[in-house]
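# Summary of the model geometry
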Amino acid sequence: MFTVLRLLRQFSDTSLDDYLRETLCQTLGAERCDFYGTGKRALTAALSESVAREQGGKFVLVSAYGCPDVPASVVAAGFKPWLVDVDPQTIDLLADSIPDDVARDSVGIVLSNLYGMADSLPMGGSQYRALPSDIVVIDDASQAALTHTDIGTVGLREGTRLGVLSFGRGKSLSAYGGGAVVGRCVSTRVEVAQSQSGKRNGQLTSLGVFGEFSLLVRAYILSSLERPELYGILSRVPFLGLGQANYPDNLGPEIISRFQSYGLLAMIHSLDSRREVRRRHMRIWEEELGGISQIVLPHLNRGESGVTLSRLPLLFPSRDMRDRLLPALVAAGASVSYPIPLHRFSQLDDCVPEGIRFPGADRVADTIMTLPVHEKVSSGVIKKVAKTIRGVAAAWI
């Protein structure tokens, strides 16, 4: 927070815009970066720019378990989302659950890379044999911008068309809001909308004195929520909606604000230390929970190296066991994250043909819990939570 305040006087709108773009590109290894007011706006723009509306193709494939912002952005871009079931052991897409006729009629796929894990790319594998060879892959790095793979950083992997970032609370680059489209090469952008002030997407705007002050207050509150003990208290206040995932009514602001840009710069400046803390906490969680036979750690099942989680997901053998533990662990920052699989949102009823089932997504939603890995979680809290889980697991029949 104080880093943000120190940055406030250093830049004009123009110089900040250029410096922020250059800094983020250098950090991620990107050659282009276009800013938007939200991650939803960024994803909608990426789809609108890169996915063709030709030859009858109409479906964009998305995971059936994850954030409802993803299919909402697909709809806003003028496509029909097709929900793909997930493996209940890894939360990765189950490509063989896609009907052949849908696969042939698909023009794009959005990889959500939940919790920092890198989803499998739809190329070169027999499980994706029915997909068109020229299908557009959007690599959503909102939760996985710190994860490196053998073929590049998530969001910029080989074989993907564009990457998308969201800078909201809980994301890999959490900066009080905003979003971006990134890519490995410079290309002509499609302007999807203009703000009331007439500025294009990707430019900075000021929210005015009251607006920026409100963001400052909100930023302080959200920063405080990283402390597990405060999150545990506030998560019990219903109207705050913490731990809930709702289908969005709109795409949010079109343009990233100056204050959000300062927050992003502050995050980038401390990125290496934050990555190291998260990886250290991941290792402690793995050591403490890895020996519990009833618990599944999806990122270990994927066998990934270079992963830096935004939250640590674990899967229990039943909903009863998960729900018995959750109240005791909320004070340590535990959450369900996405309690409702996407096929159960009424807004997506038209996207779920009769008879289609999603057993993997249902299973994950019923049994998942996610735990914090950020710098405000101590090793002592991690070990205490693990001890509680081990105790319940040992007594579970």
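Up top you'll find the structure we're talking about.
Below or above, wherever it landed, is the structure these notes cover. (Residues numbered from 1 in each chain as written. Predicted model: local features only at pLDDT ≥ 70, side-chain atom pairs only at ≥ 80, totals over all residues. Heavy atoms only, no water.)

### Examining the overall build of the chain
As a reminder, the rule being used: Only DSSP runs of H or I reaching four residues or more are called helices, and only runs of E reaching two or more are called strands; each is numbered from the N terminus. To sort residues, take the accessible area from a 1.4 Å probe on protein chains only and compare it with the maximum for the residue type: under 20% means buried, over 50% means exposed, and anything in between is partly exposed. Contact definition: two residues touch when any of their heavy atoms are within 4.5 Å.
Scanning the chain from N- to C-terminus turns up 13 helices and 11 strands. Taken across its 397 residues, the chain has 56% of its residues classed as buried. Of all intrachain contacts in the chain linking residues separated by at least 6 positions in sequence, the fraction that spans at least 24 positions is 76%.

### Observations concerning the environment of His148
The criterion, for reference: Polar contacts here mean pairs of N or O atoms no more than 3.5 Å apart (in protein, one a potential hydrogen donor and the other a potential acceptor; neighbouring residues in sequence count only if both atoms are side-chain atoms).
With respect to the helices and strands, the residue His148 is situated in strand S6 (residues 148–149). Here His148 falls in the partly exposed class, since its relative accessible area comes to 37%. Remark: the alpha-carbon pair of His148 and Gly116, spanning 32 residues in sequence, is separated by 9.7 Å. Apart from the residues within four sequence positions on either side, His148 is in contact with Thr153, Arg275, Ser305, Gly306 and Val307. For His148, the side chain forms a polar contact with the side chain of Thr153, separated by 2.9 Å.

### Concerning the environment of Met123
As for its placement among the helices and strands, Met123 is situated in the loop between strand S4 (106–111) and strand S5 (136–140). Judged by relative accessible area, Met123 falls into the partly exposed class, the value being 37%. Considering only alpha carbons, one finds Met123 and Thr160, 37 residues apart in sequence, at a separation of 9.9 Å. With sequence-adjacent residues up to four places away left out, Met123 is seen in contact with Tyr128, Val137, Glu158 and Gly159.

### Let's talk about helix H3 (residues 39–50)
Going by this rule: For a helix, the expected span equals 1.5 Å multiplied by the residue count minus one.
Taking 1.5 Å per residue, 12 residues should reach 16 Å; H3 reaches 16 Å between its end C-alpha atoms and fits that length. In terms of burial, H3 is a largely internal element, 11 of the 12 residues being buried.

### Structural notes on the packing of aromatic side chains
Applied cut-off: To pair, rings of Phe, Tyr and Trp, with the six-membered ring standing in for Trp, must have centres within 6.5 Å; the planes then decide the type, stacked if under 30 degrees apart, edge-to-face if over 60, and tilted in the middle.
All chains considered together, the criterion is met by 4 aromatic pairs. Taking 5.4 Å as the distance between ring centres and 75° as the angle between the ring planes, the aromatic pair formed by Phe59 and Trp82 counts as edge-to-face. Residue Phe59 is located in strand S2 (residues 59–63), and its partner Trp82 is located in strand S3 (residues 80–84); the two are separated by 23 residues in the primary sequence. With a centroid separation of 6.4 Å and 35° between ring planes, the pair formed by Tyr115 and Tyr338 is classed as tilted. Taken together, the positions of Tyr115 in the loop between S4 and S5 and Tyr338 in the loop between helix H11 (319–329) and helix H12 (359–367) put the pair 223 residues apart, joining distant regions of the chain. Under the relative-accessibility criterion, Tyr115 is labelled buried at 2%.

### Quick notes on unusual backbone geometry
Unlike most non-glycine residues, Ile91 shows phi in positive territory, near 60°. Among the secondary structure elements, Ile91 is positioned in the loop between S3 and helix H5 (100–104). Of note in the backbone geometry, Asn113 takes a positive phi value of approximately 50° without being a glycine. For Asn113, the position within the fold is in the loop between S4 and S5.

### Observations concerning the pairing of strand S10 (residues 311–315)
Test applied: Strands were regarded as paired on the criterion that DSSP finds at least two bridges between them.
Of all 5 residues in S10, 5 are buried; the element is thus mostly enclosed. Of the two faces of S10, both are covered, the one formed by Arg311, Pro313 and Leu315 as well as the one formed by Leu312 and Leu314. The pairing of S10 with strand S11 (residues 368–372) spans 5 bridges and is antiparallel. Bridging across to S11, Pro313 finds its partner in Thr370.

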